[in-house]
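Spelled out, the chains give:
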Amino acid sequence: MFDALTRQPDDPLLALIGLYRKDERPGKVDLGVGVYRDETGHTPIFRAVKAAEKRLLETQDSKSYVGPEGDLVFIDHLWTLVGGDTIDRSHIAGVQTPGGSGALRLAADLIHQMGGKRIWIGLPSWPNHASIFKTAGLEPAGYPFFDVPTQTVLFDTMITALQSAAAGDAVLLHASCHNPTGGVITQAQWMELAAVIAERGLLPLVDLAYQGFGRGLDEDVAGLRHLIGVVPEALVAVSCSKSFGLYRERAGAIFAVTASSSSADTVRSNLAGLARTSYSMPPDHGAAIVRMILSDAELKRDWQAELETMRLRITNIRRALAEGLRDRWQALGAVASQEGMFSLLPLAEADVMRLRNEHGIYMPGSGRINIAGLKTAEVDGVIANFKNL
Ligand SMILES: Cc1ncc(COP(=O)(O)O)c(C=O)c1O
């Protein structure tokens, strides 16, 4: 019966990691993988995470089940970080999930369960978005979001696409630090967007995977907070993978903003039911760490300070890259004002291959680069190689 299956394509980013590992050239540079790296090329464990893990080891006295909703204190603290006090808590239904991917999948399952069919996605987007939605039975509808040659967000195209959407359609939005483009939606644009979404009766699903990596913890959710204050209902998928450096621990949450507290109860029970029939309950460790950090003033301060160091490292590399590249490609001056870990360079696949083969600079064929993959000392060399293309 297994003969009925066809082999699925390998994940191109995982294949790239394999090629990079095999490359023995000393000056090789990995701009492909989507994790934060420090100046030594290492993906560190936050100091606050290490401290919380030690405490957890000493104090945890049971490994009994946590339940499909996960750790309710974690949920509460995480929502404070994301939503602040914009919405009455009784209108929020939160469920802990295995990472941001688990949150997106649960959101997609919920939309499907309530009869939703179409979800609008600005392109390009994180490739897993469309795959998750399709697997959950939704129909992704794409519209152009970003023009790579000019490095500009196509905001008017986005508004036109959403104005043609049918009431009840879902719309995926990146809260900030857009993956893969780094393209920024200004606060004024968020206001316009929120008005269109409210007027058309669309359901926003906001993906928040990089809080703190763009302009700051509050700044990165300012648009999202405005939106949820304007629309009657929304979904917010949160990943703790990058913001707490907990990638492999699989910590995240899905939040529904509802029009009433009874609706919140119903949505919560549906999310818990969907979790129960899928993975039953989320892994505890990562969420327990986040709970400890967010409920301890000292750990929280230290976590924020370390996150801010990471953010500043990224913005400094962005500035240096933009400065070096703008006289060859004027549009790449925009790299400095883009935010988060990624930018999408206007490179042909042949250029990407030349950079890889001749100079050991690795990135996927799309031209997406992880800014955090660059050490400061490597920036000038990389710029010189780009200019020689
Ligand atoms: C835009 C975006 N959303 C969601 C995720 C999901 O992250 P995770 O499932 O690792 O928490 C990622 C991870 O790369 C991402 O880039």
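Going by the annotation in an unreviewed UniProt entry, the name recorded for the chain is Aminotransferase, with Ensifer adhaerens given as the source organism. We quote the UniProt Cofactor (unreviewed entry) comment for the chain here in full: "pyridoxal 5'-phosphate". Here is the UniProt Subunit (unreviewed entry) comment for the chain, exactly as written: "Homodimer."

Visitor: What exactly am I supposed to notice about the packing of helix α4 (residues 99-113) against helix α5 (residues 127-135) here?
Guide: A pair of packed helices is characterised by two quantities: the angle between their axes and the separation of those axes. Between α4 and α5, the least distance of the axes is 9 Å, while the angle of their chain directions is 40°. Classified by the angle between their axes, α4 and α5 sit oblique to one another. Remark: the crossing between α4 and α5 carries right-handed chirality. Counted together, Ser101, Leu104, Arg105 and Ala108 of α4 and Asn128, His129, Ile132, Phe133 and Thr135 of α5 form the full contact between these two elements. Here the residues of the contact of α4 with α5 sort into four nonpolar, four polar and one charged.

Visitor: Before we go on, may I ask you to explain the domain arrangement of the chain in this structure?
Guide: When the parts of a complex come together, some accessible area is lost, and that lost area is often taken as the interface size. Its domain assignment divides the chain into domain 1 (11-45 + 300-387) and domain 2 (51-297). Here domain 1 and domain 2 have C-alpha centroids that lie 26 Å from each other. On the domain 2 side, the residues contacting the 28 residues of domain 1 number 32 residues. Of all residues in domain 1, the largest losses of buried area upon contact with domain 2 belong to Trp303, Glu339 and Leu344, amounting jointly to 30% of the total for that side. Taken together, domain 1 and domain 2 are joined by one salt bridge. For glutamate 339, the salt bridge is made with arginine 215, and the minimal N-O distance between the two is 2.8 Å. Between the two partners, domain 1 and domain 2, sit 14 residue pairs in polar contact (both at pLDDT 80 or more). When residues of the side of domain 1 that touches domain 2 are traced back to their parent elements, those giving at least two are α11 (297-325) and β11 (342-344).

Visitor: Mind showing me how you'd approach the pairing of strand β7 (residues 170-174) here?
Guide: The side chains of a regular strand alternate between both faces of the sheet. Burial analysis of β7 places five of its five residues in the buried class, which makes it a mostly covered element. Neither face of β7 is open: one carries Ala170, Leu172 and His174, the other Val171 and Leu173, and all of them are buried. By the bridge criterion, two bridges tie strand β3 (residues 118-123) to β7 in an arrangement that is parallel. By the bridge assignment for β7, isoleucine 119 is matched with alanine 170. Crossover handedness for the path β7 to helix α7 (residues 187-200) to strand β8 (residues 203-208): right-handed.

Visitor: Explanation requested: the sheet that holds β7 in the structure shown.
Guide: By way of backbone hydrogen bonds, the strands of a sheet pair with one another, either parallel or antiparallel. What the seven strands build is an open sheet, ordered β2-β10-β9-β8-β7-β3-β4; its pairing is mixed. Of all strands in the sheet, those with a lone pairing partner are β2 (92-97) and β4 (139-144), marking the two edges. Across this sheet, the average inter-strand angle for adjacent strands is 20°, counted without regard to direction. Of the pairings in the sheet, the one linking β7 to β8 comprises five bridges and is parallel in character. Note that in β8 the partner of valine 171 across the bridge is proline 204. Where helix α3 (residues 72-83) meets the sheet, its contacts fall on β2, β8, β9 (234-239) and β10 (252-257), and the angle it forms with β10 comes to roughly 70°.

Visitor: Hey, could you run me through the pairing of β3 in this one?
Guide: Relative to β4, β3 runs parallel, the two being bridged by six bridges. Bridging from a neighbouring strand, tryptophan 120 pairs with alanine 141 of β4. With α5 bridging β3 and the parallel β4, this β-α-β connection has right-handed handedness.

Visitor: How should I be thinking about the pattern of salt bridges in this particular structure?
Guide: Pairs may arise between side chains of opposite charge once their charged atoms sit close together. Within this structure, the stated rule accounts for 20 salt bridges. Between arginine 291 and aspartate 71 there is a salt bridge whose closest N-O contact spans 2.7 Å. Of the two residues, arginine 291 sits in helix α10 (residues 285-294) while aspartate 71 sits in the loop between α2 (47-59) and α3, which places them 220 residues apart along the sequence. With relative accessibility at 11%, the residue aspartate 71 sits in the buried group. Between glutamate 139 and arginine 118 there is a salt bridge, and its shortest N-O distance comes to 3.6 Å. Of this pair, glutamate 139 sits in strand β4 while arginine 118 sits in strand β3; the two residues are 21 residues apart in sequence, bridging distant segments of the chain.

Visitor: Teacher, can you tell me more about unusual backbone geometry here?
Guide: Note: most residues except glycine have negative phi, and most peptide bonds are trans. The linkage connecting leucine 123 with the following residue, proline 124, adopts the cis geometry, with an omega of 0°. Looking at where proline 124 falls in the secondary structure, it is placed in the loop between β3 and α5. Look at the link from asparagine 179 to proline 180: it is a cis peptide, with omega at 20°. Tracing the sequence through the fold places proline 180 in the loop between β7 and α7. Of note in this structure, glutamine 151 is not a glycine but carries a positive phi near 55°. Structurally, glutamine 151 can be placed in the loop between β5 (146-147) and β6 (152-153). For serine 280, which is not a glycine, the phi torsion comes out positive at approximately 75°. Looking at the element boundaries, serine 280 is found in the loop between α9 (261-276) and α10.

Visitor: Any chance you could explain the site of the ligand here in plain terms?
Guide: If you check the shell around the ligand, you find 13 residues, and the closest are Ser101, Asp207, Tyr210, Ser239 and Ser241. The separation between an oxygen atom of the ligand and a polar side-chain atom of serine 239 is 2.6 Å. A distance of 2.8 Å is found between an oxygen atom of the ligand and a side-chain nitrogen or oxygen belonging to lysine 242. When the ligand sits alone it has 390 Å² of accessible area, and the protein chains cover 89% of it. In this structure, the ligand is accommodated by the largest pocket. The element contributing the most residues to the shell around the ligand is α4, with four residues. Taken together, the residues that form the shell around the ligand break down as four nonpolar, six polar and three charged.

What counts and how
- Residues numbered from 1 in each chain as written.
- Predicted model: local features only at pLDDT ≥ 70, side-chain atom pairs only at ≥ 80, totals over all residues.
- Heavy atoms only, no water.
- UniProt positions renumbered as here; feature names shortened; annotations may be inferred.
- Axes fitted to C-alpha atoms, helices over the stretch in contact; angles between N-to-C directions.
- Helix = DSSP H or I, 4+ residues; strand = E, 2+ residues; numbered from the N terminus.
- Parallel < 35°, antiparallel > 145°, perpendicular 65-115°, else oblique.
- Left-handed = near helix turned anticlockwise from the far one by under 90°.
- Contact = heavy atoms within 4.5 Å.
- Nonpolar A, V, L, I, M, F, W, Y, C, P; charged D, E, K, R; others polar.
- Domains from an automatic or database assignment.
- Buried area = accessible area lost by both parts, 1.4 Å probe.
- Salt bridge = Lys/Arg side-chain N within 4 Å of Asp/Glu carboxyl O.
- Polar contact = N/O pair within 3.5 Å; in protein donor to acceptor, adjacent residues only side chain to side chain.
- Buried < 20%, exposed > 50% of the residue type's maximum accessible area, 1.4 Å probe, protein only.
- Pairing = 2+ DSSP bridges.
- Right-handed = clockwise from strand over helix to strand, strands pointing away.
- Near = heavy atom within 4 Å.
- Areas by Shrake-Rupley, 256 points an atom, 1.4 Å probe, with all protein chains shown as cover.
- 1 Å grid on protein atoms, 1.4 Å probe; cavity = no way out; pocket = protein on both sides within 12 Å on 5 of 7 lines; lining within 4 Å.
- Sits in = over half its atoms within 2 Å of the grid points.

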